[in-house]
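Overview (structure and organization)
So the chains spell out like this:
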Amino acid sequence: MRAFLNLLRLSWLQLARHRVRSLLTVLGVASGMFLFTSVETLQRSLARATETSAADTLLVVYRENRFCPSTSRLPENYADEIRRLPGVREVIPVQVVVNNCGASLDVITFRGVPADQFTRFAPEIRFIEGSEEEWQRRDDGALLGEVFARRRGLSTGDRFDAAGVTVTVSGVLSSPNAQDNNVAYVQLPFLQQASRAGLGVVTQFNVRVESSGDVATVSAAIDEHFRSAQEPTDTRPEKAFFAETAAELVELIGFTRWLGVGAVAAVAALVANALLLVVRGRVKENAVLRTLGYPGRAIACLVVGEGGLLGLAGGAAGVGIAAGFLRWQSFTMGNEGQTLAVQPDLAVIATGIAAGLALGILASLWPAFQAIRQPIVHSLRH
Amino acid sequence: MNAPMIRCRQLTKSYRKGKTVVTPLEALDLDVPAGEFLALMGPSGSGKTTLLNLLSGIDSPTAGSLEIAGEDIARLSRRELTAWRARHVGYIFQLYHLVPVLTAFENVELPLLLSKLSKKERHARVATALDLVGLGDRVHHVPAELSGGQEQRVAIARAIVANPSLLVADEPTGDLDRDSAARILDLLRGLARDHGKTIVMVTHDARAAAAADRTLHLEKGQLLGDACGHS
Ligand SMILES: Nc1ncnc2c1ncn2[C@@H]1O[C@H](COP(=O)(O)OP(=O)(O)OP(=O)(O)O)[C@@H](O)[C@H]1O
Ligand SMILES: [Mg+2]
């Protein structure tokens, strides 16, 4: 162990004292890992937003054949009928207004909900700033999801307008449900008037079922109930809706995976090339170390140590820059009123750093083998 | 009389170069008593470096026996030979071959990095070795900031830091001016006389050879005269 640490320190000294060369390599690795992390973040954010899990109990009821929130117009009083269906625990009418219905990187979504029902429907939300009472006190109050607030740099007391609606921030909330963090919650009648949808008309109902096993039966029951009504409905888990409406987005993001693969290959090639040059330049030096009694595997260890350190440093830098950039930008993709916040999580960060290290080590195996292939006397005569 | 430190019998080394075989050393007999400072002279290509490489265990003989301190190192595996080198031999090169990114101190520390010594013990040994070669206050300079003579003294410190009984030196003064060369030779003589090191030094310089206890001449892979001390 002590010997290993000493070797690692030696690798470090080699890198530290060839500063420019090492920095250039780290920069290259960091660029690749930046791309890799961005792609990975996109993939994971999308997976989180679209892949329904067994724990999901949230359904969304839309107008059948809707396109965009604006064409989904349902009578607010459907809520009372839905609530009476078996398996339904809670229901809340929601009016949705977006600034941009197509695919966009900067979607602003308002959700109008009855002020007295909001926390009852979503007890899992946490207030980071402000409170429910402050929100209820003013008609134009808005509770912002944390990602939305960060992206726009908004906090309590600020006023802003979007999509023709002007509101005052009365709090910031955080929720385990991704969609909540990307939107602004306002009071239902306020939004109905501001958007000219008219009182009594909503876009959708969010329904919480008793248990995740009820999802399918309750969806079917709701649609069946309104089948011959004036406004028939289409009910599905929220994430399934998103997966469908954002199918093109999903396909596009799926394609970016290849960019990630490309970035990884570029990083490996870069490190391998750098180390091959290093090894070639150190033929004699390594032969001298072996003359001093360093076994071949110790020399290999030195080379792999350099590769690992380069990969680790480049990985950490690339991942750090990507995470900072994505958090600062807080991109929110959206499509037809459903939003996808591109946010790095801890798993992405850990994966990125580990990938950098692993790539550095893998890429240095061949150069390490090259370093010890020749007999000592041959290398000394080099 | 004690067993010699080095005992070669019928020592042969040949290399295959494509279809031809070169034999730089052929059936060589040599005894070197412990604590002797031996000079090896001979024309270029006579096999001097080849012999040092065998004595120091960085190459293995094609035939014959090679006993060092009573151990037949021709029989050791590559891995065993590596461990043996670390304990028993110090190699001094003509061109010093210090690691350029490391300071004098760090260069001398190199042979100890894979040992079980603690950092404190390691540093104590490095300091002792550097003291012995008289490097003074230059220990935290990198090789590029040292003179040739200083570099060679660092290289000698590196060769003795693990306390080996055998030192081999391949033209250690070949690249130095006369004063620096004289200091290096004094140092080597002191190591043999006061510290009991057995030293085999290759040189082209008769003045350098004169510093040694005995001089042998190698020609075409053979030692001239009796190299086993029988008289
Ligand atoms: N690894 C090797 N492969 C092939 N031939 C070798 C090898 N090492 C040495 N030789 C050959 O063996 C012969 C002796 O070489 P060696 O280096 O021992 O000579 P030397 O006496 O040290 O010469 P110099 O005084 O020039 O250093 C030379 O002809 C050389 O070409
Ligand atoms: Mg030679």
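Residues numbered from 1 in each chain as written. Chains lettered and ligands numbered in written order. Predicted model: local features only at pLDDT ≥ 70, side-chain atom pairs only at ≥ 80, totals over all residues. Heavy atoms only, no water.

All right, on to the site of ligand 1 then. Close to ligand 1 lie 15 residues; S44(B), G45(B), K48(B), T49(B) and T50(B) are nearest. Residues lining ligand 1 come from chains A and B. Within the contact set of ligand 1, a nitrogen atom lies 2.9 Å away from a side-chain nitrogen or oxygen of R381(A). Within the side chain of T49(B), one N or O atom sits 2.7 Å away from an oxygen atom of ligand 1. For the shell around ligand 1, the secondary structure elements donating two or more residues are β1 (6-17), β2 (20-32) and α1 (48-55) of chain B. Per-element tally for the shell around ligand 1: the top contributor is α1(B), with three residues. The residue inventory of the shell around ligand 1, partitioned by class, reads four nonpolar, seven polar and four charged. (Near = heavy atom within 4 Å. Polar contact = N/O pair within 3.5 Å; in protein donor to acceptor, adjacent residues only side chain to side chain. Helix = DSSP H or I, 4+ residues; strand = E, 2+ residues; numbered from the N terminus. Nonpolar A, V, L, I, M, F, W, Y, C, P; charged D, E, K, R; others polar.)

For an interface, size is often stated in terms of accessible area lost upon the parts coming together. All names here are of chain A. Under the domain assignment, chain A is made up of domain 1 (2-49 + 249-381) and domain 2 (65-231). Once you take the C-alpha centre of each, domain 1 and domain 2 turn out to be 44 Å apart. If you look at the interface, domain 1 gives 15 residues, while domain 2 gives 19 residues. Viewed at the interface, domain 2 and domain 1 are joined by zero salt bridges. Summed over the shared surface of domain 1 and domain 2, the result is one residue pair in polar contact (both at pLDDT 80 or more). For the side of domain 1 that touches domain 2, the elements supplying multiple residues, two or more each, are α13 (296-329), β13 (332-335) and β14 (338-341). Of the residues assigned to the side of domain 1 that touches domain 2, the class counts are four nonpolar, nine polar and two charged. (Domains from an automatic or database assignment. Contact = heavy atoms within 4.5 Å. Salt bridge = Lys/Arg side-chain N within 4 Å of Asp/Glu carboxyl O.)

With 13 residues, helix α5 (residues 148-160) of chain B ought to run about 18 Å at 1.5 Å a step, and its terminal C-alpha atoms sit 19 Å apart, in line with that. In terms of residue burial, α5(B) counts as a mostly covered element, since 12 of its 13 residues are buried. All of the buried residues along α5(B) are G149(B), Q150(B), E151(B), Q152(B), R153(B), V154(B), A155(B), I156(B), A157(B), R158(B), A159(B) and I160(B). Elements that come into contact with the buried residues of α5(B) comprise α12 (283-291) of chain A together with β6 (89-92), α3 (104-109), α4 (119-133), β7 (166-170) and α6 (178-195) of chain B. (Expected span 1.5 Å × (residues − 1). Buried < 20%, exposed > 50% of the residue type's maximum accessible area, 1.4 Å probe, protein only.)

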